[in-house]
Amino acid sequence: MLSVIVFLPVVVAAAITVLPARLGTRCFAGAWVATGLAQLVLVAVVWSALPGTGYGAVERVEWIPSAGISYHLGVDGLSLPLLALVAVVFTAAAMYTLRGVDRPKSYVLLFLALQAVSAGLFVALDLILFFLFFDLSIVFMYFVIAGWGTGAPARRAALTFFLYTFLGSLALLLGFILLALAADRPSFDIPTLAQQNPLGGGGTYAALTLLAIGIGLAVKTPVFPFHTWLPPAHTEAPAAGSAILAGILLKMGTYGFVRIAMPLLPATWRQFAMVVVVVGVVSVIWGALVALAQTDLKRMIAYTSINHMGYVLLGLGAAGMVAGSGEQARQLATAGATYQMVSHGLITAALFLLAGSLHERGHTYAIDAYGGLATRTPRFAGLFAVAAFASLGLPGFSGFIAEFQIFTGALGAAPVATVIAVTGVLLTAAVFLLVMGRMLAGPVRVPDGPGTPRPFADLSVSELLAIVPLLAGATVLGLAPRVVLDVIEPAARVLNDFLAR
Amino acid sequence: MMAPGDPSSLIPEIALLLGAVTGLLLGAWTPRRRQWIVRGLAAVAAGVGLAATAVAANRPPDVVFGTYVLDTATHATRAIVLVALLLLLALCGDTVAGHRRETEFVVLLQLGALGSMLLGGAADLILLFAAFLLASVPLYALTGWSKQGTAPEAALKYYLAGALAGVVTAAGVTLLFAVSGATGYDALAAELTRGPAAVASVGLVAVLAGLAFKAGAVPAHFWVPDVSDGTPPAVAAVVTTLPKIGAVVAMARLLEAAIPPVVVDWPLLVAVLAALSMTVGNLAAFAQTSVLRLLGYSTVSQVGYLLMGVAVAGRTGRAEPALLFYLAAYAVTNVAAFAVAAATGRRTLAGHRGLARRDPVLAVALVVALLGLVGTPPTAVFLGKLTVFSAAVDGGFAWLAVLAAVNTVASLFYYLRWVAPVFRDPVDDADTAVMRTRGWARDTAIGAAALSVLLGVAGGVVLTAFGSVT
């Protein structure tokens, strides 16, 4: 079943390759939308059959037995929400693409490939399989940025992105090798390694392993100081690419922490939890402050991503610090961090798609170029306001639930850090309120092209179909969080049991 | 002195030799446009060799004629050389078809392959030296085969470097013989500990220098970029692929079987050579604008990764299968990359602008080959790197694995320098009109790239085959 979910986009992509390129956007993007919807249905089926504990829908075939590698898929409460997120965000990106794109055939092919590797990453239960999808996501995203960004800066941004994240992935690979060699019989199987806990004793070897894995995941997440690749990559990528990059690819890093770093290196994670918390808090504040200074809308959204990923690290680090007595707090922090991944995926994807729509009309991301959009384009303004409020963590939206849990869970373990991090919420609130004030209120101001003023239209149907479901999702998760929390919490409990060993 | 042996155990070698001799005679009597028969014959010989290898691989390990080992490493070397030979025969199609010296090309290619194969199985210094010459001399001639442009210069450079390497190797063999009074590896291992260690070290270093020349590794790598840029891409592919296979296996076998680490700390020596090869190759490749020079330096860096496996040979059971698998992966992927250069007929990076639009399938093959050389999953080199890195860490050379990972990232720079223009729009029509992709080379590139992915995905089977029969 999971194989079908992962490889469905590949099958569709293979079918598309035989079609002539002149068929146009609607045909290719339509096929992509259909794929996304089908994937969504399949995920719902898996969701409904998820067992209370342990992994569901497990598939395991020996792949390279002599090296301890197997094709091992499975989902639990930590991965299933993210798998669903993949289907949702990619379907939204597909809807968004319906309005037209340059060279649609190769564009859709690349995105289908990305969709497959993203889904694969979140269900992989083998380190090498995880690494395979991790690396391929970099390759495909490189081509998206280099191919559909604009000109030389896009190629430079794509190269920076590739080099940084590839360096990270190799650090990750070294960490995986160290992990695998530590086991009784070398194995890359995640559940086996979690069970054996070969590095439970801590020590230098384990610390180096965590360092390698940590750097690899930190680059992808990205956290300060490994974040420098992110703003240019986001700015230069096409809108759908930015949405996928921020909505899905960044989660690969944080998901790696909960799936690999924490359960497989519990003692070392506890030992260095303070470092994780500090890095998280620095990212929170740094991301928010730099976002405040941006004049470019897309860069600003990119920096708020760094800020939001910082909360996730804060939660995960705090989970490692809470002593055995703080079961409840640990639970809250871990579940909140996972919830934040899903929530941020929905909200930031919507924000990037909105920014893309704006660029489509005004050909610039400069915040100062726009004003009074609330009267000119009410639908855009309304959705942008909703997305902004959701992103700054207003109660009623998913971000609030996530951040509230993280803060409550982390407060006991790292009070100072948590208090500092809370100010990050204030900063992001300021960022979004300022931007909304400048862009949506006041006299109408839209960028003038050379010659006659262009019509500045409101959001089209396909754009609405892409953005509204994402924000609706963020709202539903904010009002009825139990739907997802009921799935996350048992898995978070298992994770914490591993962590407490 | 000579132990009894069964000639039938050498069918792959004999098939190649017969194919070469028969081809030479046949070619002399065949009109020029029908000389493809010789190539066909060579392919049949390779096929027979592969079948014989498959049969022989199921037998227990053995030593024939007292000097030639039949074990997993030899069988793997044979198989890799023969598959590479088949790919190279296909690759050279456009270059040699109907050429005046088509037969000579094919015969020299076969003899070079035979030399590489013998290098891999040699367990005696004299046989090692003979194989070294057999793997060298035909390839000198092959380098000068085209006679056009810089090819004679490249051939001369290759020959001179090779002559020096040959003399050094012969001196090394003599010194090792002087210390131990033996040439067989087993006897060497037993005797070396009694003689003066310093002389033995000098002898070993000299022999290693010769093998490093064959493998294109530091410190004997200077010929690689000149030869790969000076000759037609088909020849460059041969010279950078075939001899490496035998040379690396020969190095591992010599060090593991004949040189006790108490006499010479060869693991560290090889580890340093590995580190230098990968770093020097990568740094030198950065600034290249010629794709063939770039690929030439890339092969130098690839040998560095291969030597990681040699450095831990015998220290961990993972070394041998890892090394052999990496060799197979490297051979296939390297041929694919050279085949793309041969197919486009363009020698510069900029000349590949717009390839994706002209020939998307070939462009994908190029991306697979280059990312394969980087080591992106699911290509074969990734699995090779994974196993070699694991072996290095397991064998106590974790620093080397870290250095190799850093080098891998550095290598991305120049591989991407070739990928980037491929996906850019062509400058103008006049520029792209010249770029017609050629049949044989194109098919080889696509086939080899597909094989590289297949080998990566089905690596479990191959790795088991390389690791289980010992």
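Residues numbered from 1 in each chain as written. Chains lettered and ligands numbered in written order. Predicted model: local features only at pLDDT ≥ 70, side-chain atom pairs only at ≥ 80, totals over all residues. Heavy atoms only, no water.

Labelled according to an unreviewed UniProt entry, chain B appears under the name NADH-quinone oxidoreductase subunit N, originating from Pseudonocardia sediminis. The UniProt entry for chain B carries this comment under Catalytic activity (unreviewed entry): "a quinone + NADH + 5 H(+)(in) = a quinol + NAD(+) + 4 H(+)(out)". Taken directly from UniProt, the Sequence similarities (unreviewed entry) text for chain B runs: "Belongs to the complex I subunit 2 family." (UniProt positions renumbered as here; feature names shortened; annotations may be inferred.)

An unreviewed UniProt entry lists chain A under the name NADH-quinone oxidoreductase subunit M, with Pseudonocardia sediminis given as the organism. Quoted straight from UniProt, the Sequence similarities (unreviewed entry) entry for chain A says "Belongs to the complex I subunit 4 family."

> Is there a simple way to think about the overall build of chain B in this case?
Looking only at helices and strands, chain B features 21 helices and 2 strands. Relative to its length of 470 residues, chain B is compact, with a C-alpha radius of gyration of 21 Å against a globular reference of 23 Å. Expressed along its principal axes, the backbone C-alpha trace of chain B runs to roughly 70 × 55 × 40 Å. Counting the 470 residues in chain B, one finds 61% classified as buried. As displayed, chain B offers around 15,700 Å² of accessible surface, 69% of which is attributable to carbon and sulfur atoms. Each charge sign in chain B was given a centre, from 28 positive and 23 negative side chains, and these centres are 8 Å apart. (Helix = DSSP H or I, 4+ residues; strand = E, 2+ residues; numbered from the N terminus. Rg over C-alpha atoms; globule rule 2.2 N^0.38 Å. Buried < 20%, exposed > 50% of the residue type's maximum accessible area, 1.4 Å probe, protein only. Areas by Shrake-Rupley, 256 points an atom, 1.4 Å probe, with all protein chains shown as cover. Lys, Arg positive; Asp, Glu negative; His and termini not counted. Charge placed at Lys NZ, Arg CZ, Asp CG, Glu CD.)

> Please explain the pairing of strand S1 (residues 56-64) of chain A as it appears in this structure.
Two faces, one strand: in a regular strand the side chains alternate between the faces of the sheet. All names here are of chain A. As paired elements, S1 and strand S2 (residues 69-75) share 6 bridges and run antiparallel to each other. From the neighbouring strand, Ile-64 faces S2, where its bridge partner is Ile-69. Connecting S1 to the antiparallel partner S2 that follows it, the hairpin turn spans 4 residues, and Gly-68 within it adopts a positive phi of roughly 75°. (Pairing = 2+ DSSP bridges.)

> So what exactly am I meant to see when it comes to the interface of chain A and chain B here?
Each partner contributes residues to the interface: chain A has 29 residues there, and chain B has 34 residues. Interface area, chain A with chain B, both sides summed: about 2,600 Å², of which 83% is carbon and sulfur. The interface formed by chain A and chain B contains 0 salt bridges. The interface formed by chain A and chain B includes 1 residue pair in polar contact (both at pLDDT 80 or more). Where the side of chain A that touches chain B is concerned, the elements lending two or more residues are S1, helix H5 (127-148) and helix H6 (151-182) of chain A. For the side of chain A that touches chain B, the leading source of residues is H6(A), giving 12 residues. (Contact = heavy atoms within 4.5 Å. Buried area = accessible area lost by both parts, 1.4 Å probe. Salt bridge = Lys/Arg side-chain N within 4 Å of Asp/Glu carboxyl O. Polar contact = N/O pair within 3.5 Å; in protein donor to acceptor, adjacent residues only side chain to side chain.)

> Sorry if this is basic, but what is going on with the UniProt feature "domain: NADH:quinone oxidoreductase/Mrp antiporter transmembrane" (unreviewed entry) in chain B here?
The UniProt feature table records "domain: NADH:quinone oxidoreductase/Mrp antiporter transmembrane" (unreviewed entry) at residues 122-409 of chain B. Helix makes up 78% of residues 122-409 of chain B and strand makes up 0%, while its end C-alpha atoms are separated by 36 Å.

> How should I be thinking about helix H2 (residues 36-56) of chain B in this particular structure?
Owing to its 3.6 residues per turn, the α-helix brings residues three or four apart onto one side. The end-to-end C-alpha separation of H2(B) is 30 Å, in line with the 30 Å expected for 21 residues at 1.5 Å each. Looking at the buried side of H2(B), the elements it contacts are helix H1 (11-28), helix H3 (72-91), helix H4 (93-96), helix H5 (102-121) and helix H20 (439-457) of chain B. (Expected span 1.5 Å × (residues − 1).)

> Mind showing me how you'd approach the packing of helix H17 (residues 398-413) of chain A against helix H18 (residues 415-440) of chain A here?
In a pair of packed helices, the angle between the axes and the distance between the axes together describe the arrangement. All names here are of chain A. Where H17 meets H18, the closest approach of the two axes is 7 Å, and the angle between their N-to-C directions is 155°. Relative to H18, the element H17 is oriented roughly antiparallel. Facing H17, whose interface residues are Glu-403, Phe-407, Ala-410, Leu-411, Gly-412 and Ala-413, H18 presents Pro-415, Thr-418, Ala-421, Val-422 and Val-425. In terms of residue class, the contact of H17 with H18 is built from 8 nonpolar, 2 polar and 1 charged. (Axes fitted to C-alpha atoms, helices over the stretch in contact; angles between N-to-C directions. Parallel < 35°, antiparallel > 145°, perpendicular 65-115°, else oblique. Nonpolar A, V, L, I, M, F, W, Y, C, P; charged D, E, K, R; others polar.)

> How should the packing of helix H13 (residues 291-311) of chain B against helix H17 (residues 380-394) of chain B be read in this particular structure?
Residue and element names in this part refer to chain B. Two elements in contact, H13 and H17, have axes whose closest approach is 8 Å; the angle formed by their N-to-C orientations is 45°. As far as their axial angle goes, H17 and H13 are oblique. Here H13 runs over H17; the crossing is left-handed. Note on element contacts: H17 touches H13 through Val-381, Lys-385, Val-388, Phe-389 and Ala-392, opposite Gln-302, Tyr-305, Met-308 and Gly-309. Broken down by class, the residue content of the contact of H13 with H17 amounts to 6 nonpolar, 2 polar and 1 charged. (Left-handed = near helix turned anticlockwise from the far one by under 90°.)

> What is the right way to read the packing of aromatic side chains from this model?
Aromatic rings in a pair are described by how distant their centres are and how their planes are angled relative to each other. Per the counting criterion, the structure on display carries 31 aromatic pairs over all chains. Summarising the aromatic geometry, the rings of Tyr142(A) and Phe143(A) are spaced 5.2 Å apart at their centres and angled 75° between planes, so their arrangement reads as edge-to-face. On the basis of relative accessible area, Phe143(A) is assigned to the buried category, the value being 13%. Among the aromatic residues, those joined into a cluster by ring pairs are Phe129(B), Phe132(B), Tyr140(B), Tyr158(B), Tyr159(B), Phe213(B) and Trp223(B). Directly above the aromatic system of Trp148(A) lies the positively charged group of Arg103(A), at a separation of 4.6 Å from the ring centroid. (Phe/Tyr/Trp six-rings, centres within 6.5 Å; stacked < 30°, edge-to-face > 60°. Lys NZ or Arg CZ within 6 Å of the ring centre and 35° of its normal.)

> I would appreciate a short explanation of the side chain of Asn197(A) in the present structure.
Inspection of the secondary structure assignment puts Asn197(A) in the loop between helix H7 (190-196) and helix H8 (204-220). Asn197(A) gets classed as buried once you look at its relative accessible area, which sits at 15%.

> So what exactly am I meant to see when it comes to the pairing of S2(A) here?
Extensive coverage of S2(A) is indicated by the burial of 7 of its 7 residues. On S2(A), burial covers both faces: Ile69(A), Tyr71(A), Leu73(A) and Val75(A) on one face and Ser70(A), His72(A) and Gly74(A) on the other are all buried.

> Just checking my understanding: could you explain empty space enclosed by the protein for this structure?
Rolled over the atoms, a probe with the dimensions of a water molecule shows which regions are left empty. Inspection of the entire model under this criterion finds 6 cavities of 30 Å³ or more. The volume enclosed by the largest cavity comes to roughly 60 Å³. Along its surface, the largest cavity is lined by Trp63(A), Ile128(A), Leu132(A), Pro377(B), Pro378(B), Thr379(B), Phe382(B), Leu383(B) and Gly456(B). Where the lining of the largest cavity is concerned, the elements lending two or more residues are H5 of chain A together with H17 of chain B. (1 Å grid on protein atoms, 1.4 Å probe; cavity = no way out; pocket = protein on both sides within 12 Å on 5 of 7 lines; lining within 4 Å. Points joined across faces, edges and corners; volume = space filled by probe spheres on them.)

> Explain the nonpolar core to me, please; I cannot follow it from the model alone.
Across soluble globular proteins, you tend to see nonpolar side chains buried next to one another. Ile244(A), Leu297(A) and Met308(B) are the most contacted members of the largest nonpolar core, which totals 358 residues. The leading source of residues in this core is helix H14 (residues 319-344) of chain B, at 21 residues. Beyond its immediate stretch of four places on either side in the chain, Leu297(A) contacts Ala355(A), Leu358(A), Tyr365(A), Ile367(A), Phe384(A), Val435(A) and Met439(A). Formed by 14 residues, the second largest nonpolar core is a distinct cluster that contains Val281(A), Ala410(A), Ala414(A) and Val425(A). (Core = buried A, V, L, I, M, F, W, Y, C linked by side-chain atoms within 4.5 Å.)

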